[in-house]
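Spelled out, the chains give:
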Amino acid sequence: MGLSGRLRSSLVIGGQGIRARKMRTFLSMVSLFLGVLAVVVVQAGAEIANRALLADVELSTGKDGTRQMYLSPEGRAVPVALEVLAGRTDAVAMTSVQAFIGEPGVKPINEGGGPVDGPSWGGGERTCDASGCYVVDDGSAGAPPGQAIELELVGLTGDVRQFRPFRTVQGEWLEFGGAPSMAPRLVLNEAAAEAFTRYRVPAELHVRGAAHNPTPVFTGVVANGDDRPVAYVRSDELLNWLPVDSVTGSRFGPGLQVLMSPTSTEAEHVLRARLVAAGTPEDDLHVNTIEVLERMSTELALMRWIFLGMAALVLLIGVAGILNVGLATVGERVEEFALRRAVGTPRLLLAGIVLAETLLTGLLTAALAIGAGVLGLKVALPLFGSRFPSLEGVDFPWQAGVAGVVAGLVAGVLGGLIPALRAARIPIATVMRA
């Protein structure tokens, strides 16, 4: 109870000292504000950058903890995987084929399936097997240029957004409930949507191995972190008009990828058993876990510590300002402190009074710096959110607020410790000067 009373007395008297010397408190806060704000900005920037970087990586790779398996489309791997994973929510199979939308039998605008504004990546479709991917003759050699877009067509057995959180830009995502449509419903990525906006092409979809060219229906646009034209379709709608044996992969990878949640052990065991029974060598079945954050943690931590070191230098300038003001204030209050000592005030309480003033000053400054950071983020997001879609909906990170409070307290302690010790050492005899 005695310590609690002394602490309360220190805070009350310290608050009275701040109110009595408003100008000096204001000057101390000005010198400290930039240092605390620098710590808040660095911490907030690091957290937001981490989120944005991970969000972009998750779009193209997958969330941390996701288990993935790549399978060669040869043999019965594709039909077995599609059958086992059909209707499951804890695992999704992704097939990949190269497709063309537009005039049939012509050379596409983006030959090779690259960005429409980029250089040609070379024509010819590819097939993949255990030895790799290679170009096959699709009968289009020497075809004349025409109005067609080449893209990667990805078939899905379920909602892949639980593993790769695509952001819906326009329209709607694929609906996996109900019967499959005879007209394939496609969701485009932003690169494909831009290509079809710039170039008017016939609504005719061609994939090597399909007996007919169906008319696709575009239902939405998503951001998937890829600058190549890509379209997503339900696997059962894809197989309505494309034989499963024709799903032989695209020029950008194998024909089958399986994404599983960390708890989907049953699906993994059943899939392994069925694939081995269908003739897939067990040695070819490799499952790896996505650990993006772990691989990037060292680099992210290094960058954060570098910027925090720079912010600490700015904070030290503010600490020097508080120290200077604190020493001057103690020098002016020598008689007051000596009189308090004469009436029985303990040395520890005198030190606590001075330290309480600097701590309260540091906390007030931290509150202002955190408020400035929150306000700055609210102003910056509308201005730059359109250029950086991954920052949309980002809130002020609580880690930055905690860092600001800690910086304010540390600055208060460092700036007030020496003046507090000096106040505690003032002899009682000094009261005789008054």
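Parameters at a glance
- Residues numbered from 1 in each chain as written.
- Predicted model: local features only at pLDDT ≥ 70, side-chain atom pairs only at ≥ 80, totals over all residues.
- Heavy atoms only, no water.
- UniProt positions renumbered as here; feature names shortened; annotations may be inferred.
- Helix = DSSP H or I, 4+ residues; strand = E, 2+ residues; numbered from the N terminus.
- Buried < 20%, exposed > 50% of the residue type's maximum accessible area, 1.4 Å probe, protein only.
- Contact = heavy atoms within 4.5 Å.
- Areas by Shrake-Rupley, 256 points an atom, 1.4 Å probe, with all protein chains shown as cover.
- Phe/Tyr/Trp six-rings, centres within 6.5 Å; stacked < 30°, edge-to-face > 60°.
- Axes fitted to C-alpha atoms, helices over the stretch in contact; angles between N-to-C directions.
- Parallel < 35°, antiparallel > 145°, perpendicular 65-115°, else oblique.
- Left-handed = near helix turned anticlockwise from the far one by under 90°.
- Nonpolar A, V, L, I, M, F, W, Y, C, P; charged D, E, K, R; others polar.
- Salt bridge = Lys/Arg side-chain N within 4 Å of Asp/Glu carboxyl O.

- Per an unreviewed UniProt entry, the protein chain carries the name Permease and comes from Saccharothrix yanglingensis.
- What UniProt records for the protein chain under Subcellular location (unreviewed entry) is the sentence "Cell membrane".
- The heading Sequence similarities (unreviewed entry) in the UniProt record of the protein chain holds the text "Belongs to the ABC-4 integral membrane protein family."

## Overview of the overall build of the protein chain
Here is step 1: Secondary structure assignment for the protein chain yields 10 helices and 12 strands.
Here is step 2: The proportion of buried residues among the 434 residues of the protein chain is 46%.
Here is step 3: The long-range fraction of contacts in the protein chain, counting pairs at least 24 apart against all pairs at least 6 apart in sequence, stands at 87%.
Here is step 4: A total accessible area of about 21,300 Å² is found for the protein chain, and carbon and sulfur atoms account for 62% of it.

## A few points about the packing of aromatic side chains
Here is step 1: By the definition in use, this model includes 4 aromatic pairs.
Here is step 2: Ring geometry for Trp 173 and Tyr 232: centres 5.8 Å apart, planes at 55°, overall tilted. With a gap of 59 residues between them, Trp 173 in the loop between β6 (167-171) and β7 (185-189) and Tyr 232 in strand β10 (residues 230-234) connect regions that are remote in the sequence. The residues Trp 173 and Tyr 232 share a single accessibility class, namely buried.
Here is step 3: When the centroid spacing of 5.2 Å and the interplanar angle of 45° are considered together, the rings of Phe 196 and Phe 218 count as tilted. Taken together, the positions of Phe 196 in helix α4 (residues 190-198) and Phe 218 in strand β9 (residues 217-223) put the pair 22 residues apart, joining distant regions of the chain.
Here is step 4: Its relative accessible area of 10% is what places Phe 196 among the buried residues.
Here is step 5: Ring-pair connections join several aromatic residues into one group, and the members of that group are Phe 166, Trp 173 and Tyr 232.

## Focus on α4
Here is step 1: If you check which residues of α4 are buried, you get Ala 191, Ala 192, Ala 193, Ala 195 and Phe 196.
Here is step 2: The elements touched by buried residues of α4 are β2 (91-102), β5 (148-156), β7, β9 and β10.

## Observations regarding the packing of helix α3 (residues 77-85) against helix α6 (residues 265-277)
Here is step 1: Where α3 meets α6, the closest approach of the two axes is 10 Å, and the angle between their N-to-C directions is 150°. Regarding the angle of α3 to α6, the classification is roughly antiparallel. Seen along the crossing, α3 lies across α6 with a hand that is right-handed. Side by side, α3 and α6 meet where Ala 77, Val 80, Ala 81, Glu 83, Val 84 and Leu 85 of the first sit next to Ala 267, Val 270, Leu 271, Arg 274 and Leu 275 of the second.
Here is step 2: For the contact of α3 with α6, the class distribution of residues is 9 nonpolar, no polar and 2 charged.

## Quick notes on the pattern of salt bridges
Here is step 1: Enumeration over the complete set of coordinates arrives at 10 salt bridges.
Here is step 2: Here Arg 67 makes a salt bridge to Glu 268, at a shortest N to O gap of 3.2 Å. Separated by 201 residues along the polypeptide, Arg 67 in strand β1 (residues 67-71) and Glu 268 in helix α6 bring together distant segments of the chain.
Here is step 3: The residue Asp 159 makes a salt bridge to Arg 161 at a minimum N-O spacing of 3.0 Å.
Here is step 4: Three or more residues are tied together by salt bridges with common partners; here these are Arg 67, Glu 268 and Arg 272.

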